[in-house]
Structure formats: structure tokens, C-alpha cells
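An overview of the molecular structure
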Amino acid sequence: MVNLYPDLLRSYGDRGNVLVLTRRAEWRGISVRMVGVTRGERIPAATDLIVIGGGSDSVQALAGPDLIGRRSEVADLVAGGTVVVGICGGYQLLGHDYVGVNGQAITGLGLLDVTTTAGRDRLVGRVSTRATFAGESFDVVGFENHAGRTTLGAGASPLAAVPVGQGNNGRDRTEGAVNGNVVGTYLHGPVLPASPGFADALLRQSLSRAHGPVELAALDDRMEDAARLVASRGR
Ligand code: GLN
């Protein structure tokens, strides 16, 4: 597993997603090698999962030049079955580009058919929904705080509808985007501790790269489910 730009893209404890993915694999006896990869460093060839956190416009601009150099490297990995998940700023950078509050465009990886432009105000609050990734549906709860308005093109499907919250753009009631093994979401929290179904869908899909379809043993998620219930009530 790779955490891309752990020194830059790490808003709101997004690193917690990496910890949850690692623990939920280890609790099933699956060992995980987690590697932080930042500017100028290579992503290991046999990477099952890449996690990218969120960050402010200025931090995204710092990652931007390095990211452009990775476009074919990451596209090749995805074609080979690597799963990529991006949160908020990381999600925006999985798309074609992000035009920030200062009007400057940062080119993204183009792995998701989405474009993002910052609006004048921020979309902030709790999001509670049911999402679908890799053929699995699960409950998700998180916290959004973004100026970016993301529009999906024909090549991307929404991760979820948002009955509660603003999501991609505050207009079309969608949240996040999916294209095959690549998924982006605006949800911090971090999102995975109280959304174990999402964590397991990411693990299952990433393990299938090297092992084919895998069964994951059930875990006792009563704590996670209770946390999600509490979080989904608060606004
Ligand atoms: N800079 C982006 C925005 O405001 C992302 C923010 C974030 O990752 N929380 O839209």
C-alpha cells in the first residue's frame, strides 16, 4: 500500500484511512507493507492500493508538478489492477484539473473523468450516505469542507447520492466519483474508521490484483457502526 504525498496531502487526519486499511487487513492475518511516497520518490511496482489524502490549494500546487510526471506511471499501475483512492484535494487531483480559489489550474492525473473549479464559498458539513464501489454497497459517513465544485464527465460514475450534505458541487446531489479501480470522495473524518464497508471494498478490490477474488473474514464492527450512527446524527 502506498500513501502518496503523506507530507503534503493529509488534511483532517486523512492518514487515519491508511491506518484503518492496514489494521483491517492485519486483523485478517494479511500482512501489509505501507510505504509513504512523496515528491521525487518512485511508487513500488507491485502496489495493490494507493491512498491520497486531502490538502489546501497551496499544498495541492506543491504536489502538482510532481504529479504530472507520474501520469503514465500511475495509469500503468491502474491498468494492472492497482486501486487508487483520493480524498478531497486528492480526489480533485485524480481528475483532469483543479482551478483553485486564485484562478490557477493544477493539472491532475486524469484517471477520473471529472473537472473541478473552486467556488466563492465553501461546502462544509456532515455527509451521510450509501455508496457503491467495485460492485459492493455500504454505508458511509464523513465530513466535507471544500471550495471545489466537481463536475463528472461521461467516463465517471458518482460514488454516492447525497441525501444529507453537499457532495460534488452542491447542485446535482452526487458525491465522489468512480471509474473502475479509481475512486475519489470529498469525505474526510477520516472517512474509513466509521465506514468499514468502504474500507473492506477497497481491500477486497486491491487484493484481487494479485490474488483474484478474495473473501475477507467478518470483523466485529459494533464500535465502527455505533460511531457512524452518532456521526450521521450530528450536523
Ligand atoms: N483545496 C481544495 C478545496 O478547497 C481541497 C480541500 C481539502 O482537501 N479539504 O476544494
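This text follows the structure it describes.
Residues numbered from 1 in each chain as written. Predicted model: local features only at pLDDT ≥ 70, side-chain atom pairs only at ≥ 80, totals over all residues. Heavy atoms only, no water.

Some words on the site of the ligand
What counts is decided by this rule: Note on terminology: near, applied to a residue and a molecule or strand, indicates that one of the residue's heavy atoms is within 4 Å of it. Between N or O atoms, a polar contact is any pair within 3.5 Å; within protein, one atom must be a potential hydrogen donor and the other a potential acceptor, and residues adjacent in sequence are included only when both atoms are from side chains. Reported accessibility uses the Shrake-Rupley method at a 1.4 Å probe radius. Residues are deemed covered only where the shown protein chains occlude them. Both site types are read off a 1 Å grid over the protein atoms alone. A 1.4 Å probe that fits but cannot get out defines a cavity, while an open set with protein on both sides within 12 Å along at least five of seven lines defines a pocket; lining residues have an atom within 4 Å of a point. Each molecule is checked against the cavity or pocket grid, and it sits inside if more than half of its atoms lie within 2 Å of the grid points. Think of it this way: any DSSP run of H or I at least four residues long counts as a helix, any run of E at least two long counts as a strand, and we number them from the N terminus. Just so you know the grouping, Ala, Val, Leu, Ile, Met, Phe, Trp, Tyr, Cys and Pro go in nonpolar, Asp, Glu, Lys and Arg go in charged, and all remaining residues, Gly too, go in polar.
What surrounds the ligand is a group of 15 residues, the closest being Asp57, Gln60, Cys88, Gln92 and Gly148. Between the ligand and Gly148, the relevant distance is 2.8 Å, taken from an oxygen atom to a main-chain nitrogen or oxygen of the residue. Alone, the ligand offers 300 Å² of accessible surface; in the complex the protein occludes 96% of this. Because more than half of its atoms lie within 2 Å of the grid, the ligand is assigned to the second largest pocket. Listing elements by their share of the shell around the ligand, those giving two or more residues are α2 (57-68), α4 (89-94) and β8 (136-152). Looking at which element gives the most residues to the shell around the ligand, the answer is β8, with four residues. In terms of residue class, the shell around the ligand is made up of three nonpolar, ten polar and two charged.

Focus on the sheet that holds strand β3 (residues 49-52)
Each strand in a sheet pairs with another by means of backbone hydrogen bonds, the pair being arranged parallel or else antiparallel. Note the threshold: Here, a strand pair is defined by DSSP locating no fewer than two bridges between the strands. Axis geometry follows a simple rule: fit a line to the C-alpha atoms, using only the stretch in contact for helices, then measure angles between N-to-C directions, giving values from 0 to 180 degrees.
Taken in spatial order, the six strands of this open sheet run β2-β1-β3-β4-β12-β11, and their pairing is mixed. Looking at the sheet topology across the chains shown, the edges are occupied by β2 (35-37) and β11 (177-179). Pairwise comparison of adjacent strand axes, ignoring direction, gives a mean angle of 15 degrees for this sheet. Bridge count for strand β4 (residues 83-87) against strand β12 (residues 182-185) is four bridges, and the pairing is parallel. Among the inter-strand pairings, Val85 is bridged to a residue of β12, identified as Val183.

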